[in-house]
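Here is what each chain is made of, one letter per residue.
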Amino acid sequence: MPTPSTNEMEERLRDLARRSFWFAPALRAVRDQGLASWCIGAGAVRNLVWDALHDYPTPTHLADVDVAYFDATDLTPERDAAIQDRLRSALPGTPWEVTNQAAVHHWFEGHFGHAVEPLHSLHEAVASWPEYATCVGLTLNEDDSIGVIAPHGLDDLFGCIVRRNPTRVSLATYRQRVEQKNYASRWPKVRVVEA
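Read on for a plain summary of the structure. (Residues numbered from 1 in each chain as written. Predicted model: local features only at pLDDT ≥ 70, side-chain atom pairs only at ≥ 80, totals over all residues. Heavy atoms only, no water.)

So, on to the overall build of the chain. Along the chain, the regular secondary structure elements total nine helices and seven strands. Relative to the globule expectation of 16 Å for 195 residues, the C-alpha radius of gyration of the chain, 16 Å, shows essentially globular dimensions. Here the chain holds 195 residues, and the buried ones make up 47% of them. A sequence separation of at least 24 residues applies to 70% of the contacts in the chain between residues at least 6 apart. Accessible surface, the chain as shown: approximately 10000 Å² in total, 51% of it carbon and sulfur. Charged side chains in the chain number 19 positive and 26 negative. The centres of these two groups are separated by 5 Å. (Helix = DSSP H or I, 4+ residues; strand = E, 2+ residues; numbered from the N terminus. Rg over C-alpha atoms; globule rule 2.2 N^0.38 Å. Buried < 20%, exposed > 50% of the residue type's maximum accessible area, 1.4 Å probe, protein only. Contact = heavy atoms within 4.5 Å. Areas by Shrake-Rupley, 256 points an atom, 1.4 Å probe, with all protein chains shown as cover. Lys, Arg positive; Asp, Glu negative; His and termini not counted. Charge placed at Lys NZ, Arg CZ, Asp CG, Glu CD.)

Printed below as a string of structure tokens:
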């Protein structure tokens, strides 16, 4: 079977998001917040795709729906909390997690043990996420078209490959994530690349 092209994978991803009973409403809810630069990404996109590739009729458990946005004019945690509260009101059953990527450098060292430089865009932020398969975000445009942010491509996502992105994630953090997330037991087709 030939490997799908980038365009084919992007279209499949858009189609999965459009047809999803939980992802499509989440995209609309975030778009309604009026953020200039945003996406739903990381584990939410991974679960959407890997559940489909495993023909799961019911979505696997998702700890949170990651909403990433970029706004260098307001780096306060209160802004994230206010957006998260509005999203909880819009879709109460969704486990929202809202993070301004422009502020990540303020808390990263305290959380992960090493300092990082400030990010300059949403695209750069998505490119820095822990595994290449989760370096993917989707946004809903005003015309209802779905934009795909995939700085490292979609091969790992659609290939069910967990591979460390060394941009910001240490070996120790990667190994801890692999152990905690227990990918292979949740999605048997997943292959973890040891770092």
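For the rest of this paragraph, the subject is the nonpolar core. In terms of nonpolar packing, the biggest core is built from 44 residues, with Leu-13, Phe-23, Leu-27, Ile-40, Trp-50 and Leu-138 touching the most fellow members. The element contributing the most residues to this core is helix H3 (residues 43-53), with six residues. Contacts of Leu-13, omitting those with residues within four sequence positions, involve Val-45, Leu-48, Val-49, Val-136, Leu-138, Val-148, Leu-154 and Phe-158. Judged by nonpolar contacts, the second largest core, of 15 residues, contains Phe-70, Val-104, Leu-119 and Trp-129. (Core = buried A, V, L, I, M, F, W, Y, C linked by side-chain atoms within 4.5 Å.)

Relative to the helices and strands, Ala-72 is located in the loop between strand E2 (65-69) and helix H4 (77-90). For the pair Ala-72 and Pro-92, spaced 20 residues apart in sequence, the C-alpha separation works out to 28 Å.

Here the focus is the pattern of salt bridges. Per the stated rule, a full pass over the model turns up eight salt bridges. Between Arg-31 and Asp-144 there is a salt bridge, and its shortest N-O distance comes to 2.6 Å. Residue Arg-31 is located in helix H2 (residues 23-31), and its partner Asp-144 is located in the loop between strand E4 (137-140) and strand E5 (146-149); the two are separated by 113 residues in the primary sequence. The exposure class of Asp-144 is partly exposed, given its relative accessible area of 46%. Between Arg-177 and Glu-131 there is a salt bridge; the shortest N-O distance is 2.7 Å. Remark: Glu-131 occurs in the loop between helix H6 (122-127) and E4 and Arg-177 occurs in helix H8 (residues 171-181); sequence separation between them is 46 residues. Accessibility assignment for this pair places Arg-177 and Glu-131 in one class, buried. Taken together, the salt bridges that share partners define one network made up of Glu-10, Glu-11 and Arg-14. (Salt bridge = Lys/Arg side-chain N within 4 Å of Asp/Glu carboxyl O.)

A positive phi angle, near 60°, is found at Ala-42, a position not held by glycine. In this structure, Ala-42 sits in the loop between strand E1 (38-41) and H3. Classification of Ala-42 as buried rests on a relative accessible area of 13%. Positive phi outside glycine occurs at Asp-55, with the angle close to 55°. Structurally, Asp-55 can be placed in the loop between H3 and E2.

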